[in-house]
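# Understanding the architecture of this molecule
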Amino acid sequence: MRVAQWIDACSAAEIEVEDVLRFDHDGRTYAIYRSPDDRFYATEGLCTHEQVHLADGLVMDHIIECPKHNGRFDYTTGQAKGAPVCIGLRTYPIRIDEGRVLIDVGIE
Amino acid sequence: MAAPIRDYSLTGPEAARAAERGLTHAVWYRSPLARVRIKELMQRNDYPALLHLVIWLALLVVSGTGAYLTLGTWWCVPFSFVYGILYGSCSDSRWHEFGHGTALRTRWINDAAFQLAAFMVFREPTVWRWSHARHHTDTLIVGRDPEVLAKRPPSFWPLVLNFFALQSTATAIPRLVSHALARLHEEEQQFVPDMEQARVFRTARIWLLIYALVAAYSIRIHSMLPWMFIGLPTLYGSWLQFYFGITQHTGLAEDTLDHRLNSRTIYMNPIFRFVYLNMNYHTEHHMYPMVPYYKLPELHRELRHDLPPAYRSTLAAYREIIPALLRQRKDPSYFVRRTLPAVESVPTVVGTAARQAGAVV
C-alpha cells in the first residue's frame, strides 16, 4: 500500500515555462517540470541510462532530454522514448497549492 | 623501470580497476555556465543543420555526377577526390552530430540523416550510438572507453592504415556479418543493451543486402564502377576525417575527470569546419554535448576563459601530437599536460542549484 507524503518543493514561479528544476529530498533527487501548456509534472531526477541529473537537460514540448547522451523521456508519463535510454522514469503526483509546488514522494 | 602496458579492452582488469578508482559514471568538471544561457545554447533550429545537410547532399550529387561523366579523363580525379571526402569524411562528422540528436529539431530528418551517414562511414548505427554514449560517459578512461584512437604505447601501423579506414573496415566487416547472424562481439555486449540487439541484427542484414545488390550489379556490368560510388569512398575518402579525429584526444591525459585535460579545441578555417561540423571545439562539445554543433563557437566564447588556450591550427596540434606519440612509444606513461587557466575552478555537479528538502505538508 502506498502512503502519500506531500512535500513542499519550490515556488511555481521558480520554474520557467518549458523548463525543469532539480529538487532533492531525503537522499533522493527529483525533477519538476513546467510544460508549455503550464502544467506541472514530477519524475525521478536521474536519467535511467547513466544517472545524470535531468534538470540540466533540455525540455522540448513534453520531452526531457538528458544532458549527457540525449536520452529522451516523456516526462508526463515517464516513458523512455528511444536509445540510449530503455527504462522509463518513475513519475510522482504533483499539485499546486497557493503558488507552491507540492510533490507526493510517498513510498510503497 | 618501464611503465606497465595497460589493457584497453573493455573486458579486462582495467575495467574493474577504473570502477574501483571511481572513474566510471563519474561527475566530470564543467566550466560554470548559467542555466539560462546553457538553455539558450541547447535550443535547436532546423535551419542551419538543414542548410548544411542540403549543401552536403547536393555537393555529393554534383561531384559524383561529375566523376561519372568524366570517366577516363583526368577530370575524374578531382571530382572523385571531392566525392570521396564528402562521402568518407563528411559522413563521419554527420554520423556523429545526427547520432547525438542535437542537430535538427525535427527528429525524423535527424534520424534519417544519421542512418545515411552511418552507412557511408561504415559504422553500424546502433552499435556506434551506444559506443559513443560510453565514450562520452568515460572519455579516455582505460578499460571503459571503446573509442580510444591511439592506445599507449601507440602502434603506428593501425594509425597509418586507418588513414584510409583499412584497419577499422577490416574489423567492421566480420562484425557486420556476425551481427547479421545474430551474434554480438564480447566487447559490444559491454555497452549495447539486450533490448537493442534486435535492431543491431536487423540493420546488419539490411546493409549486407545493399552491398549484395551493389556486388550483383557490379558483376552484371563487369565493372568495379558501382563500388567507386558506394563502399570504396569510405576508404579512399576517409583520410580527412582521420586527420581531424586524431586531434581530439591523442597524446592527452587518460583517467582524468576533466575534459580540459583530455580534449583539444582547435581553430579551423570555414571549409574544415563545414567538413568537421565544428567538432574542432571538442572540449566544449564534451563538456556540454547537448549544444548543437552550430552553437559551439558561441559556447567556446562563453567558456574560453576557463579552458586551456585553443590551438591555432591543426598543424599546431600535430606539432604536439607527433612528438607525443613518438615519446609514448618509448615511455607509455608520458602524456601532454595541458595548463589550466589560473582562475580557480571548482568542480560543479549541475548547472541548476538543487532545492533541498522542503517541509512535509
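The structure displayed is predicted, hence computed values, not measured ones. (Residues numbered from 1 in each chain as written. Chains lettered and ligands numbered in written order. Predicted model: local features only at pLDDT ≥ 70, side-chain atom pairs only at ≥ 80, totals over all residues.)

## Notes on the overall build of chain B
For chain B, the count of helices and strands is 17 helices and zero strands. Whereas a compact globule of 361 residues would reach a radius of gyration of roughly 21 Å, chain B reaches 21 Å, a difference of no more than 12%. Here chain B holds 361 residues, and the buried ones make up 39% of them. (Helix = DSSP H or I, 4+ residues; strand = E, 2+ residues; numbered from the N terminus. Rg over C-alpha atoms; globule rule 2.2 N^0.38 Å. Buried ≥ 20, exposed ≤ 12 C-beta atoms within 10 Å, placed from the backbone.)

## Quick look at the overall build of chain A
A tally of helices and strands in chain A yields zero helices and 10 strands. When the elements of chain A are put in sequence order from the N terminus, they spell out β-β-β-β-β-β-β-β-β-β. The C-alpha atoms of chain A give a radius of gyration of 13 Å, which matches the 13 Å a tight globule of 108 residues would have. Here the C-alpha coordinates of chain A stretch approximately 35 × 30 × 20 Å along the principal axes. Each of the 108 residues in chain A was classed as buried or not, and the buried ones make up 43%.

## Focus on the pairing of strand β9 (residues 94-97) of chain A
Residue and element names in this part refer to chain A. Pairing of β9 with strand β10 (residues 100-104), which is carried by four bridges, proceeds in the antiparallel orientation. Its bridge partner being in β10, I94 is matched across the sheet by I103. Connecting the antiparallel pair β9 and β10 is a turn made up of two residues, with E98 showing a positive phi of about 50 degrees. (Pairing = 2+ DSSP bridges.)

## As for the sheet that holds strand β3 (residues 28-34) of chain A
Residue and element names in this part refer to chain A. Spatial strand order, β2-β3-β4-β8: four strands in an open sheet with antiparallel pairing. Here the strands that pair on one side only, and so sit at the sheet edges, are β2 (19-25) and β8 (91-92). Both strand β4 (residues 40-44) and β8 contribute to a ladder of two bridges, which runs antiparallel. The residue of β8 that forms the bridge with T43 is T91.

## Brief notes about the nonpolar core
Ranked by internal contacts, the top residues of the largest apolar core, which has 77 residues, are V20, A31, I32, Y33, I64 and I103 of chain A together with A117 of chain B. When residues of this core are assigned to their parent elements, the largest contribution, eight residues, is made by helix α4 (residues 76-100) of chain B. The contacts of I64 of chain A, once residues within four sequence positions are left out, are V20, A31, Y33, L54, G57, V59, F73 and Y75 of chain A. With six residues, the next largest nonpolar core counts Y311, A317, I321 and L325 of chain B among its residues. (Core = buried A, V, L, I, M, F, W, Y, C linked by C-beta atoms within 7 Å. Contact = placed C-beta atoms within 7 Å.)

## Some details on unusual backbone geometry
That bond from R152 of chain B to P153 of chain B is cis: its omega, -10 degrees, falls within 30 degrees of zero. Mapped onto the secondary structure, P153 of chain B falls in the loop between α6 (125-137) and α7 (156-162). In this structure, D26 of chain A is a non-glycine residue whose phi angle is positive, near 55 degrees. Counting through the fold element by element, D26 of chain A comes out in the loop between β2 and β3. A positive phi is found at F122 of chain B, a non-glycine position, where the angle reads about 60 degrees. Checked against the element boundaries, F122 of chain B lands in the loop between α5 (107-121) and α6.

## Some details on the environment of K39 of chain B
Examined against the element boundaries, K39 of chain B turns out to sit in helix α2 (residues 35-42). As for K39 of chain B and V291 of chain B, which are separated by 252 residues in sequence, their C-alpha atoms are 8.9 Å apart.

## Focus on the sheet that holds β9 of chain A
Residue and element names in this part refer to chain A. Reading across from one edge, β1-β10-β9 is the order of the three strands in this open sheet, with antiparallel pairing throughout. What marks the edges here is a single partner per strand, and that holds for β1 (6-11) and β9. Adjacent strand axes in the sheet meet at a mean angle of 30 degrees when their direction is disregarded. (Axes fitted to C-alpha atoms, helices over the stretch in contact; angles between N-to-C directions.)

## Some words on the interface of chain B and chain A
With 27 residues of chain B in contact, the opposing surface of chain A contributes 28 residues. Considering every element that reaches the side of chain B that touches chain A, the biggest residue donor is α6 of chain B, with six residues. Looking at side-chain class alone, the side of chain B that touches chain A contains 13 nonpolar, 11 polar and three charged residues. (Nonpolar A, V, L, I, M, F, W, Y, C, P; charged D, E, K, R; others polar.)

## Structural notes on the packing of helix α3 (residues 46-69) of chain B against α4 of chain B
If you want to describe how two helices pack, look at the angle between their axes and the distance between the axes. All names here are of chain B. Relative orientation of the contacting elements α3 and α4 amounts to 150 degrees, with a least axis distance of 8 Å. Relative to α4, α3 is oriented roughly antiparallel. In the crossing of α3 with α4, the sense of the turn from one axis to the other is left-handed. Contacts between α3 and α4 pair W56, L59, L60, S63, G64, G66 and A67 from the former with C76, F79, S80, V82, Y83, L86, Y87, C90 and R94 from the latter. Its residues assigned to classes, the contact of α3 with α4 comprises 11 nonpolar, four polar and one charged. (Parallel < 35°, antiparallel > 145°, perpendicular 65-115°, else oblique. Left-handed = near helix turned anticlockwise from the far one by under 90°.)

## Observations concerning the packing of α6 of chain B against helix α9 (residues 197-220) of chain B
Residues and elements named next belong to chain B. Contact geometry for α6 and α9: axes closest at 8 Å, N-to-C directions at 135 degrees. Taken together, the axes of α6 and α9 lie oblique to each other. From α6, P125, T126 and V127 reach across to α9, where they touch R199, V200 and T203. Here the residues of the contact of α6 with α9 sort into three nonpolar, two polar and one charged.

## Focus on α9 of chain B
Structurally, the α-helix is built with 3.6 residues per turn, so residues lying three or four positions apart point the same way. Compared with the 34 Å implied by 1.5 Å per residue over 24 residues, the 35 Å span of α9 of chain B between its first and last C-alpha is a close match. Tucked inside the fold, the buried residues of α9 of chain B contact α6 and α8 (166-180) of chain B. (Expected span 1.5 Å × (residues − 1).)

## Topic: the confidence of the model for chain B
All names here are of chain B. Looking at chain B as a whole, the pLDDT averages 92, with 94% of positions reaching at least 70. Confidence, expressed as mean pLDDT per element, reaches its minimum in chain B at α7 with 88 and its maximum at helix α16 (residues 296-303) with 98. Confidence drops under pLDDT 50 across residues 346-353; counting only partners more than four residues distant or on other chains, this segment forms 17 contacts. Both confidence scores are given for the complex: pTM 0.89, ipTM 0.83. (pLDDT = per-residue confidence, 0-100.)

## Things to note about α16 of chain B
Residues and elements named next belong to chain B. All of the buried residues along α16 are L296, L299 and L303. End-on view of α16: buried residues confined to an arc of 55 degrees, all on one side of the axis. Looking at the buried side of α16, the elements it contacts are α2 and α15 (282-287). (Arc of directions from axis to C-beta.)

## Some details on the confidence of the model for chain A
When the pLDDT values of chain A are averaged, the result is 91; 99% of them are 70 or greater. Confidence scores differ between elements of chain A, with β1 of chain A showing the lowest mean pLDDT of 92 and β4 of chain A the highest of 96.

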